[in-house]
Amino acid sequence: DARVTQTPRHKVTEMGQEVTMRCQPILGHNTVFWYRQTMMQGLELLAYFRNRAPLDDSGMPKDRFSAEMPDATLATLKIQPSEPRDSAVYFCASGLGLSGASYEQYFGPGTRLTVT
Amino acid sequence: GESVGLHLPTLSVQEGDNSIINCAYSNSASDYFIWYKQESGKGPQFIIDIRSNMDKRQGQRVTVLLNKTVKHLSLQIAATQPGDSAVYFCAEMRSVYYGQNFVFGPGTRLSVLP
């Protein structure tokens, strides 16, 4: 049963600290997405990769957030320095891009980040 | 800016009844729409999708209707079951020069009453 995995599942850190979230997309998927979910803003797209190349990171605060795919099996989202307003659940999703007529994305379980 | 969605309401339905969840979108250039289901503590799960050249698509117990004239999308769930209790999100996709752009609505909470 292939699924997207994310680590850590929970992270509590102090303001100013660096946070790194990791995602392992489903093997064979060529698109990877990072989303942030909060009660106020809902689900927001932060970054989008295809074949490991970043296509869109316009939703990400560039001064403190960075997203990379060092290889096809790992995507990372880093926040440095973290701020309390970054507290949210961060989801990674992967997909096959245009597969037939579907752009279905498979979501991971999320990383719940709390910045104090 | 342009966005998909509605204020997050709660829809309560009796088990066995049909549910209808609505979504409004604002960008007429959107050409693909998706419904997701999110259970507590989990990531969103794909339910059904529809392209803008269609006005109806059916899945297992679910039907999505698209009205491009009024920019409205709905998800119908037949014979609602307790396991359908979740937050449901609509999302629109717009083709852009680099690929695709996805925008999610704020969601609707569905509560199934026994």
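Placed above this text is the structure.
Basis of the calculations
- Residues numbered from 1 in each chain as written.
- Chains lettered and ligands numbered in written order.
- Predicted model: local features only at pLDDT ≥ 70, side-chain atom pairs only at ≥ 80, totals over all residues.
- Heavy atoms only, no water.
- Helix = DSSP H or I, 4+ residues; strand = E, 2+ residues; numbered from the N terminus.
- Buried < 20%, exposed > 50% of the residue type's maximum accessible area, 1.4 Å probe, protein only.
- Pairing = 2+ DSSP bridges.
- Axes fitted to C-alpha atoms, helices over the stretch in contact; angles between N-to-C directions.

**Student:** Tell me about unusual backbone geometry, and name the residues and values.
**Tutor:** Look at the link from Thr7(A) to Pro8(A): it is a cis peptide, with omega at -10 degrees. Residue placement: Pro8(A) occurs in the loop between strand 1 (5–7) and strand 2 (10–13). A cis amide bond, omega -5 degrees, links Gln80(A) with the succeeding residue Pro81(A). Along the chain, the position of Pro81(A) falls in the loop between strand 8 (74–79) and strand 9 (88–95). Of note, the phi angle at Lys71(B) is positive, near 55 degrees, even though the residue is not glycine. By secondary structure assignment, the location of Lys71(B) is in the loop between strand 6 (62–67) and strand 7 (72–77). Positive phi values are uncommon outside glycine, yet Ala79(B) reaches one of about 50 degrees. Mapped onto the secondary structure, Ala79(B) falls in the loop between strand 7 and strand 8 (86–96). Among the residues examined, Ala79(B) registers a relative accessible area of 36% and is labelled partly exposed.

**Student:** Could you give an account of the sheet that holds strand 7 of chain B, with specific residues and numbers?
**Tutor:** Residues and elements named next belong to chain B. Taken together, four strands build an open sheet; the order of strands is 2-7-6-5 and the sheet is antiparallel. One side of each edge strand has no neighbouring strand; the edge strands of this open sheet are strand 2 (19–24) and strand 5 (56–58). When strand polarity is set aside, the average angle formed by the axes of neighbouring strands in this sheet is 15 degrees. Relative to strand 7, strand 6 is paired through six bridges, and the arrangement is antiparallel. Counterpart to Val64 in the pairing with strand 7 is Leu75.

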